Protein chains: 2
Amino acid sequence: MSWKTEKLYLTNIKGVKAAAVSCGLKEDNKLDLALIVLDKPAKATAMFTRNTVKAAPVIVSKKHLEKYGLVQAIIINSGQANACTGGRGIKDAEFMAEEVAKRVGIEKELVFVASTGKIGAYLEKEKIAYGIELAYKNLSENSGESIAEAIMTTDTFPKISGAKRGDAVISGVAKGAGMIHPNMATMLAFIGTNVKLGSEELKRVLKKSVDKSFHQISVDGCSSTNDTVLLFSTGEVLDKTFQKGLDMVAQDLAKMIARDGEGAKKLIEVIVEKARSLKEAKVIARSVVVSNLVKAAIAGGDDNWGRVLASIGQTEYSFDLNKIELYIGDHLVFAKNEPLGYNSQEVKNYLKGNEVRIRIILNEGRYSAISWGCDLTEEYVKINAYYRT
Amino acid sequence: MSWKTEKLYLTNIKGVKAAAVSCGLKEDNKLDLALIVLDKPAKATAMFTRNTVKAAPVIVSKKHLEKYGLVQAIIINSGQANACTGGRGIKDAEFMAEEVAKRVGIEKELVFVASTGKIGAYLEKEKIAYGIELAYKNLSENSGESIAEAIMTTDTFPKISGAKRGDAVISGVAKGAGMIHPNMATMLAFIGTNVKLGSEELKRVLKKSVDKSFHQISVDGCSSTNDTVLLFSTGEVLDKTFQKGLDMVAQDLAKMIARDGEGAKKLIEVIVEKARSLKEAKVIARSVVVSNLVKAAIAGGDDNWGRVLASIGQTEYSFDLNKIELYIGDHLVFAKNEPLGYNSQEVKNYLKGNEVRIRIILNEGRYSAISWGCDLTEEYVKINAYYRT
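Quick look at the structure, then. (Residues numbered from 1 in each chain as written. Chains lettered and ligands numbered in written order. Predicted model: local features only at pLDDT ≥ 70, side-chain atom pairs only at ≥ 80, totals over all residues. Heavy atoms only, no water.)

Some words on the overall build of chain A
Condition: In this description a helix means any DSSP run of H or I spanning at least four residues, a strand means any run of E spanning at least two, and both kinds are numbered starting from the N terminus. Throughout, radius of gyration means the C-alpha value; the globule benchmark is 2.2 Å times the number of residues raised to the power 0.38. Three labels apply to residues, based on accessible area from a 1.4 Å probe with only protein chains included: buried if under 20% of the type maximum, exposed if over 50%, partly exposed otherwise in between. Only heavy atoms matter for contacts: two residues are in contact if any of them lie within 4.5 Å across the pair. Areas reported as accessible are Shrake-Rupley estimates using a 1.4 Å probe. Residue values count occlusion only from the protein chains shown. A residue counts as positive if it is Lys or Arg and as negative if it is Asp or Glu; His and the chain ends are not included. To locate a charge, take atom NZ for lysine, CZ for arginine, CG for aspartate or CD for glutamate.
Along the backbone of chain A there are eleven helices and 16 strands. Scaling as 2.2 N^0.38, a compact globule of 389 residues should have a C-alpha radius of gyration of about 21 Å, and chain A matches this with 21 Å. Each of the three principal axes of chain A carries a C-alpha extent, and together these read 70 × 50 × 35 Å. In chain A, buried positions account for 62% of the 389 residues. Considering only residue pairs separated by 6 or more positions, chain A has 80% of its internal contacts joining residues 24 or more positions apart. Taken as a whole, chain A presents about 14,200 Å² of accessible surface, with 48% of it coming from carbon and sulfur. In chain A, 54 positive and 47 negative side-chain charges are present, and the distance between their average locations comes to 3 Å.

Focus on the packing of helix α2 (residues 86-104) of chain A against helix α3 (residues 125-137) of chain A
All names here are of chain A. Heads up, the rule is: Here an angle of 0 to 180 degrees is reported between the N-to-C directions of two axes, which are lines fitted to C-alpha atoms, with helices fitted over the stretch in contact. An angle below 35 degrees is treated as roughly parallel, one above 145 as roughly antiparallel, one from 65 to 115 as roughly perpendicular, and anything else as oblique. Crossings are assigned a handedness: left-handed for a near helix turned anticlockwise from the far helix by less than a right angle, right-handed for a clockwise turn.
Between α2 and α3, the least distance of the axes is 10 Å, while the angle of their chain directions is 25 degrees. Our classification of the angle between α2 and α3 gives roughly parallel. With respect to the hand of their crossing, α2 and α3 are arranged in right-handed fashion. Of α3, the residues touching α2 (which contributes Asp-92, Phe-95, Met-96, Glu-99, Val-100, Arg-103 and Val-104) are Lys-125, Ile-128, Ala-129, Ile-132, Glu-133 and Tyr-136.

Digging into the relation of the copies chain A and chain B
Our working definition: Each copy is superposed on the other by least squares, with the fit set by C-alpha atoms of residues at a pLDDT of at least 70 in both.
Superposing chain A onto chain B requires a rotation of 180 degrees together with a translation of 0.0 Å along the rotation axis, leaving an RMSD of 0.0 Å. In short, the pair behaves as if placed about a two-fold rotation axis. Among all residues of chain A, the one whose C-alpha sits closest to the rotation axis is Glu378(A), at a distance of 2.3 Å. By residue overlap, the copies meet face to face through one surface: 100% of the interface positions of chain A are interface positions in chain B.

A short note on the sheet that holds strand β15 (residues 355-361) of chain A
Residues and elements named next belong to chain A. The cut-off we apply is this: Here a strand pair is declared whenever DSSP counts at least two bridges between the two strands.
If you walk across this open sheet you meet the seven strands as β9-β16-β11-β15-β12-β13-β14, and the pairing is mixed. Pairing within the sheet leaves two strands with one partner each, and these edge strands are β9 (217-218) and β14 (338-339). Judged from the seven bridges that link them, strand β11 (residues 267-275) and strand β16 (residues 367-374) form a sheet pairing that is antiparallel. Among the inter-strand pairings, Ala-275 is bridged to a residue of β16, identified as Tyr-367.

A few points about the environment of Ser140(B)
All names here are of chain B. Quick note on the threshold: Any pair of N or O atoms that falls within 3.5 Å is considered a polar contact. Within protein, one atom must be able to donate a hydrogen and the other to accept it, and sequence-neighbouring residues count only if both atoms are side-chain atoms.
Take Ser-140: it is sitting in the loop between α3 (125-137) and α4 (144-150). When the C-alpha atoms of Ser-140 and Ala-18 are compared, they prove to be 5.4 Å apart, with 122 residues separating the residues in sequence. In this structure Ser-140 touches Thr-11, Lys-17 and Ala-18, once residues within four positions along its chain are discounted. One polar contact links the side chain of Ser-140 to the main-chain amide nitrogen of Asn-142, over a distance of 3.0 Å.

Structure, rendered in structure tokens:
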């Protein structure tokens, strides 16, 4: 029996309740605060942004999690990132945790805090306090979907994924849209499972999954101050194939983030095969999805494969042009160091679809990697020039 | 007496003739082929793209220059890059050199070849041969300006710079616009001087100048297959301060390239001060000018300084947020790890200008660096999505 993808909410995990409310951080009464509360403390691990500039909630959640390695409540707001806010920002993030801890009746170190939104402004604490109270009153087992909506910023759709194998379930929500780059991004993902895992195992499986999912996506090459992936386990069910299920859910969420990149119309999947090392495969795959020129060409439906070669030539890894085979979809466009007389119109038609696959066979070794990104459209510039995120 | 900037053409150097013609590589009878011929062989050195994917003219010119370290003719075409064209591309680049050598009556190794334009298509040799013949017939001492025009691709203005100190002159032309990134770009620059320099000295001064000019600019983070900077010296005049003059000309041309980035409306100058090393200062300065989010914010006139901090936090270098001072123009917007209550409207007004200066004082050491880039506009996407370059 293998893991099957299924749209599962975090609240489908036994003992998990949630609520999403609007407390006025975002305009137009949009949902902007999510609270997730577990019946009991759950083992948890998290990975955070590697950006030197870390937002206050990142610093606070890391500290909290280090105390027990457990989480019983998760509080997330959108609209304000609480980043670059100095000592006051730290206090504000602690305040969020304390407000939740007080209501749930737990230690504040069992509360995990995340924020996303505009950098460089102080949190509106009154609104947050009001939101927490409202959310706590509204906790239920039926609000799994609205959580995904409440953590959105410039996302155009909520990102929910799950997988099931017998009684074992994994469920995750994520947000992305901008500042999305390897080493995560302004992306938040919260994944829960009922599968029983040791503390070290939890860390190991999360890192493994993140390395081939969230670390392999890029929207704009910009990594963020708030990136967070949390994994918690309520530990009710035994399952030896958990890694496989987690990989599925993490990759599914990562692809949703890439597809929903700011202004994006297309998901780009880049597959690198036969590299000399896994790292080489990963770096080369990512070099394509971060190239503004490749992304713009795909937005315009232009079969400009020269830009793909130029982008992979920009990494620290050298390769032999005589050995490379380059595919756009199923069309071989470059091999043996010569442009090929392929049917350009057919490739242009392929590029009109909303998923574009680029396959690069290096023929240097035996390692493969995949990365995901999106096209670069005028809309991306509009969003980031005229609307603050 | 110090070097003075002056608009000087390559043909202002004694013994240099040039011609620019249209031979049909670009549409609308635009100039697309430039020929520069010197009375005598001149000492020369060049720096080329570090992209693994090197265009044929790069490979050929490198080989030619290695033979004698001399150049007597320079042939440049725009419209077709002769990149990713395999063995046939090499032969085509050699063909360009041979056609010139034949007419001028010199060895082909004294001919330097450069191409810029669309990647992945074979050169139209007949048109080039015709163009070379036409250009040879039209060589004159008065066509310095048209050279800069003939090497343009998506450039919106020709890039010419020069400096003078007594009898000593330096003159350069360049092109840029897209695929512009540290380690040069689809940028070509040809700089000549009458100052006498040893062969090793020539290499050393060029590297030094390029490191603080062309290597510090970025338009789109994409490095190209054809990047080339050539420096030649006719060796007529003695001048011990040549490096200073060359720095001026190289930085002037580099800034023109950044300012004229595809779709750009603004030049962005990023100054990093008090870094622990020169490399750190350079890397951090460049991390700002390559950030799509910073560039888009500046396009929209948004004083979104959080994006500047996030972009510098993305490098391998760590720093202490408590020590950083961040200026937009003359406005201090972040210091002591706190957002400051500056006048946002004044900063927005400043951002309306066509030159934006960002100054980052790290307060960690004593090294400084500057980088230049441009804003990211919808026009950039249009150019790269719908028009091939």
